[in-house]
Amino acid sequence: MGRPPNLYSFASVDNELAPNLRKYILEQQNDSLKRHGVFRLAVSGGSLPKTLAKALLAPSSGSEDDKTDFPKWEIFYADERCVPLSHEDSNHKLVKEEFLDKIPSELGQPKVYPIDEKYLEDEQECADQYEKTLVSIFAARDSVKLPLFDLILLGCGPDGHTCSLFPDHPLLRASDAWCLSIADSPKPPAKRITLSLPVVLHVRKLVSLRLAAGSNRY
Ligand SMILES: O=C(O)[C@H](O)[C@@H](O)[C@H](O)[C@H](O)COP(=O)(O)O
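Residues numbered from 1 in each chain as written. Predicted model: local features only at pLDDT ≥ 70, side-chain atom pairs only at ≥ 80, totals over all residues. Heavy atoms only, no water.

Colleague: How should the sheet that holds strand β1 (residues 39-43) be read in this particular structure?
Modeller: Pairing between sheet strands relies on hydrogen bonds along the backbone, with the strands arranged either parallel or antiparallel. If you walk across this open sheet you meet the five strands as β4-β2-β1-β5-β8, and the pairing is parallel. Both edges of this open sheet fall to β4 (111-113) and β8 (205-209), since each of them pairs with a single strand only. For this sheet, the mean inter-axis angle between neighbouring strands, taken without regard to orientation, is 20 degrees. Bridge analysis of strand β5 (residues 151-155) against β8 gives five bridges, and the strand direction is parallel. From the neighbouring strand, L151 faces β8, where its bridge partner is K205. (Pairing = 2+ DSSP bridges. Helix = DSSP H or I, 4+ residues; strand = E, 2+ residues; numbered from the N terminus. Axes fitted to C-alpha atoms, helices over the stretch in contact; angles between N-to-C directions.)

Colleague: Quick question: what am I supposed to make of the pattern of salt bridges here?
Modeller: One side chain can pair with another of opposite charge once the charged atoms of both are near each other. This structure, assessed with the given rule, holds 15 salt bridges. Two residues, R35 and D31, come together in a salt bridge whose shortest N-O distance is 3.3 Å. Linking R35 with D31, this pair stays in helix α1 (residues 13-36), spanning four residues, or about one helical turn. Because the salt bridges share partners, they merge into one network encompassing D31, R35 and D150. (Salt bridge = Lys/Arg side-chain N within 4 Å of Asp/Glu carboxyl O.)

Colleague: I tried to follow helix α3 (residues 91-98) on my own but got confused; where do I start?
Modeller: It helps to recall that an α-helix has 3.6 residues per turn; residues three or four apart then point in one direction. Three or more residues of α3 are buried, namely N91, H92, K93 and V95. Residues of α3 that are buried in the fold lie against β1, α2 (48-56), β2 (73-77), β3 (79-81) and β4. Measuring from the backbone nitrogen of H92 back to the side-chain oxygen at the start of α3 gives 3.1 Å, which picks out S90 as the cap. (Buried < 20%, exposed > 50% of the residue type's maximum accessible area, 1.4 Å probe, protein only. Contact = heavy atoms within 4.5 Å. Polar contact = N/O pair within 3.5 Å; in protein donor to acceptor, adjacent residues only side chain to side chain.)

Pasting the structure below:
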């Protein structure tokens, strides 16, 4: 059995959560860069991209371990809605506008892997293609059983869903794919793709941010 999760609660996003999240992410970045020269993470939508910007675009203390190395980051989507990348519902658009576009040019940009818009009409094909992208980065499925992200950063909806894995949905039991499609998401838009639960649980480090009900505290 894995280690039990550490639970933290923060009274404010700006003064408490953001600096602690920065420290945690940069520890994972530094550790990953030492191990394999790249920092591979998956992110979701919701309020996370804005929180990431608060954490990671804050000024560095100047110490060696408090520096972002964005050009060595590879960012994937833990889930995505099957809409064009410029659509209001796109997680990529959100991450781009709330975080990536705000990175000062001197810090460089992460490499980002959005879904391929060619396959929006067919959510299963969209998931299969995204899985192919993961396979091309994390090695072939016949050589690794599951991709190993250095870090996955997720939100959690009021109903308990995370990625596009919803409570009691049959997708929670799917174990034969890295990426899954959903056509009946209880939260619109209905068509989405998501990492499968085995992939999420295989990660090196997982952060799940849950807003306290009716507030903007985590
Ligand atoms: O695709 C989605 O439905 C959202 O991205 C969703 O998964 C979000 O991450 C959670 O609902 C948490 O949202 P908050 O971060 O706003 O609480």
